[in-house]
Every structure is written in structure tokens, then in C-alpha cells.
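The residues making up each chain are set out below.
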Amino acid sequence: MIPADPRGAGRADRAADAAAFFDGARLTLARHLAGLRKSDLAALVGMTPTAVAGWESGGKRPTPATVARLALSLRVEPGFFAMRPSDIAALSGPPHFRSLRSTTQLARDQAFGYGQLAVDIAASLEKHVEYPEPDLPLLPVTPETAAEGADDLPEQAAREVRRRWAMAPGPAPHLVRLLENHGVLVVFSPPQTANVDAYSFDSRLRPVVVLNPVKHDYYRQRFDVAHELGHLVMHADAEPGGRMIEDQANRFAAEFLMPRADIREHLPTAMNRGAWQVLARLKEHWGTSIQALLYRARRLGTLSEVSYRNAMNTLTSRGWRRSEPGLITVLEQPSMLPRALELLAAEGVSEDSLLDQCRVPAGIFRTVTSRAPSPAGPPARDHSPVVSLFG
């Protein structure tokens, strides 16, 4: 007689438990993480898209055997589908993506799902460690308010955040650490979602900024962080993705990083040979790219439109639009979650026990809690989103 496989029995028990406490929102999250449509998932588990829709809406509950198939197809443990104290998806505001035209809805859903799971992991770790309380001013700036009020509302918002956070005049300090100290969760996304640029959303538990993992540029990353901070401060109720909304976030970032009162007199007024030397020094002093400095000079009126366009053409001819020279090569790195893991490890809490508590794939857990972006590995033979994201 062949003895039963205890691991199989254990999986069956976990599937039965997950079926009893099944949360359709968790299935939607897992499907988004995998980059699948309902019809794709239905085909994987041998069911209909209507059945998948019923499970996700809560109108129907899958059997333990179906939960096991779902877990296998989506490469999660059955416990991933069990109810949590809070539905992260229901508590999350709309994400602010840079361009809604350049990425598919599936890619945006996958990226947003990752961000929501990052919040889930952070909330789980917060049962053991204490994070800074969210301290983010909400200063709404919409197209309507901008039309009714002063033209410099984004700049006013940036100055107000600097004031409330007691920032000294001049260059902004380590931006990632600054946001974390004020309760913002900052993480890198997996390299497989690099087609989606940095984005942000308010989870209602804490604000979140997700950074692009392949943009290895210290200066541009700082502008990205300030841009996303602008969205979180100004656009809680705004429709994401619009050109005006993105322009407002750029203006916020420019004022936040390079306050008019501190930088205007130092910006070049003409693009001669000496101007490039000035820009190089300003780049290192302010921690911003030359492109951002030129954008600032045009906005503040020290450079004419013609001089600005000529300068940008020069950047293009030198290949600097994609990769500018600069002295700093190490990115600003998150520390909130990595430090939490270090503190827990010192208390004897293992990663395995945290994984059991979070019930998330180990690869995503390590990406979310890492200080540095995960290196992009060689392309897998199977290019399905499940393989590429969960690895």
C-alpha cells in the first residue's frame, strides 16, 4: 500500500480553509498581479469567465478543489485568498500613472496590484514594528481650482509642504527618507513591470510611491519622487493621467526641489559655453538633472523659449536626453521596510515566519522589502506575466 503524501494532504487542508474564508478581492488582486484577464484565468482553471467573475464579486464561492487550482495557476499559496482585516483594494484611491496611453490596462492593473500588495505586506509587518504616522498635507489643486484661483497653485502647495515639514532653504535632502519619515511607503517595483513608470496612490492606510526599478539615475529618480509627492498632496480626488494633472505635478516637483526664491538668481540667462558649466555645478548642488534645471529656467523666465529649445536640442545631440553625465550613481534607497526586517531578525523573527503571516510569494515579499531594485534576470522561456512577476 502506498502511503499518502502528507504534503498533498496539507495543501488540501489549506485549500479547504481558504475556501471557507475566501475573499473575492484577493482573487482579483492575484489575477492583476499575474497580468491576466478573467477569460485567461478561466481557461487556466477549466472554468468559465462568468464563474471567475462570480468568485471575484463574492456572488459565488469556489470549492476547495477550485481554490487549489486557482492557487496553482496564479502561483500563490491557497491562504493568499483568505480574508484580511482590511480590503486593501477597497481602501485604495486611484493610482497616478504618467501616461494612460503608453501602457495597457493589464499592465496598469498588474503594477497597481503590486502596489496594493506592498501595502498589505507593510500592514502585516506593522503588527510587530512601529512606522512613522502619515503626515502628508492635503492641498487639492484641480483644473477647476486652478482656473478660478492663482496660476501658481502647484508652486504654493510645494512651498507649503516644505514649510510644514520644516525644511531648510536650498536643496531638498534625501527625498525617499524624507517621505518615509512622514509616513509614506516607498518601494521599488519588480523589473518585469518597468514598462510602467513611477506611480503613486493613497491606500488610506498610508500613501504609497512605487519607483521604477530600471531607471538607474539618481537625479531623475529624485524628480520622480517629488512628482509623485505632488500627486499625493494635490490630486487625491483628481482624475489621473490628464496632461494638466501631470503638468501640475511637474511644477510642484520643480518648486519643491528648486525653490524659486533660492535658485532663480543662479540659473543661466543665455546658453553659451559657460552656461553648461553652471548647469553642471547646479546639477550636483541641487540633485536634479540638467533637463530639470532647464525646465526650471524656462518656467522662471531666465531662459527664453528659443534658448530652452536650443539647449534641449544640444542635450539630444549629445545623447543626454536618455543618460546625462553626473557624479552620483547610487540611487536613494527605501529603508522603512528593510529596517523593519532587520529589527525583527534581531528579535529572532525569521523571514519564513513573516512569509507565513503575510501569505505572499517570497519573490514579491523580498522585492517589496528590499533597499535596492531587484536586478533584471535573463528572459524566461515562458513569457507569461505569472512567470515573470512571481518568478
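Each value, and the rule that gives it
Residues numbered from 1 in each chain as written. Predicted model: local features only at pLDDT ≥ 70, side-chain atom pairs only at ≥ 80, totals over all residues. Heavy atoms only, no water. Helix = DSSP H or I, 4+ residues; strand = E, 2+ residues; numbered from the N terminus. Buried < 20%, exposed > 50% of the residue type's maximum accessible area, 1.4 Å probe, protein only. Contact = heavy atoms within 4.5 Å. Axes fitted to C-alpha atoms, helices over the stretch in contact; angles between N-to-C directions. Parallel < 35°, antiparallel > 145°, perpendicular 65-115°, else oblique. Nonpolar A, V, L, I, M, F, W, Y, C, P; charged D, E, K, R; others polar. Pairing = 2+ DSSP bridges. Salt bridge = Lys/Arg side-chain N within 4 Å of Asp/Glu carboxyl O. 1 Å grid on protein atoms, 1.4 Å probe; cavity = no way out; pocket = protein on both sides within 12 Å on 5 of 7 lines; lining within 4 Å. Points joined across faces, edges and corners; volume = space filled by probe spheres on them. Core = buried A, V, L, I, M, F, W, Y, C linked by side-chain atoms within 4.5 Å. Left-handed = near helix turned anticlockwise from the far one by under 90°.

Draft legend 1. Region of the structure containing the overall build of the chain. Broken down by element type, the chain carries 19 helices and three strands. Taken over 391 residues, the chain has a buried fraction of 51%. Nonlocal contacts in the chain, meaning residues at least 24 apart in sequence, comprise 75% of its contacts between residues at least 6 apart.

Draft legend 2. Main features of the packing of helix α2 (residues 24-34) against helix α4 (residues 49-57). Interhelical geometry of α2 versus α4 gives an angle of 120° and a closest axis separation of 6 Å. The angle between α2 and α4 places the two elements in the oblique class. Counting all contacts with α2, which are made through G24, A25, L27, T28 and R31, the residues of α4 involved are V52, W55 and E56. Of the residues belonging to the contact of α2 with α4, the class tally is four nonpolar, two polar and two charged.

Draft legend 3. Structural context of the sheet that holds strand β1 (residues 185-188). Read from one edge of the open sheet, three strands run β1-β3-β2, paired in mixed fashion. Of all the strands in the sheet, the pair left with one neighbour each is β1 and β2 (199-202). For this sheet the average axis-to-axis angle between neighbouring strands, irrespective of direction, equals 15°. One ladder, built from four bridges, connects β2 with strand β3 (residues 207-211); its direction is antiparallel.

Draft legend 4. Looking closely at the pattern of salt bridges. Applying the stated rule across the entire model yields 26 salt bridges. Residues D197 and K215 are paired through a salt bridge, measuring 3.3 Å at the closest nitrogen-oxygen approach. In this pair, D197 sits in the loop between β1 and β2 while K215 sits in the loop between β3 and α10 (218-234), placing the two residues 18 residues apart along the sequence. Residue R220 pairs with D217 through a salt bridge whose shortest N-O separation is 3.8 Å. Accessibility assignment for this pair places R220 and D217 in one class, buried. Ionic contacts of the salt-bridge type, sharing partners, join the residues D151, E155, D247, R251 and R299 into one network.

Draft legend 5. Looking closely at the side chain of E155. Topologically, E155 is positioned in helix α8 (residues 153-164). If we ignore the near neighbours within four places in the chain, the residues touching E155 are R251, E255 and R299.

Draft legend 6. Structural detail: the layout of surface pockets. Approximately 540 Å³ is the volume attributed to the second largest pocket. Looking at the second largest pocket, it is lined by 21 residues, and the ones nearest its centre are R14, V76, E77, P78 and G79. Every element with two or more residues in the lining of the second largest pocket is listed here: α1 (6-20), α5 (64-74) and α17 (351-358). Top contributing element to the lining of the second largest pocket by residue count: α1, with four residues. Split into classes, the residues belonging to the lining of the second largest pocket amount to twelve nonpolar, one polar and eight charged.

Draft legend 7. Expanded view of the nonpolar core. Grouped together as the largest cluster of nonpolar side chains are 56 residues, with contacts concentrated most on L74, F80, F81, L185 and L337. In terms of residue count, the dominant contributor to this core is helix α6 (residues 105-125) (ten residues). Membership of the second largest hydrophobic core comes to 52 residues, among which are A158, A172, A254 and L303.

Draft legend 8. The arrangement of the packing of α6 against α17 in detail. Taken N-terminus to C-terminus, the directions of α6 and α17 make an angle of 115°; their axes are 10 Å apart at the nearest point. The handedness of the crossing between α6 and α17 is right-handed. Of the residues in α17, those touching α6 at I121, S124 and L125 are L354, Q357 and C358. In the contact of α6 with α17, the residues fall into four nonpolar, two polar and no charged.

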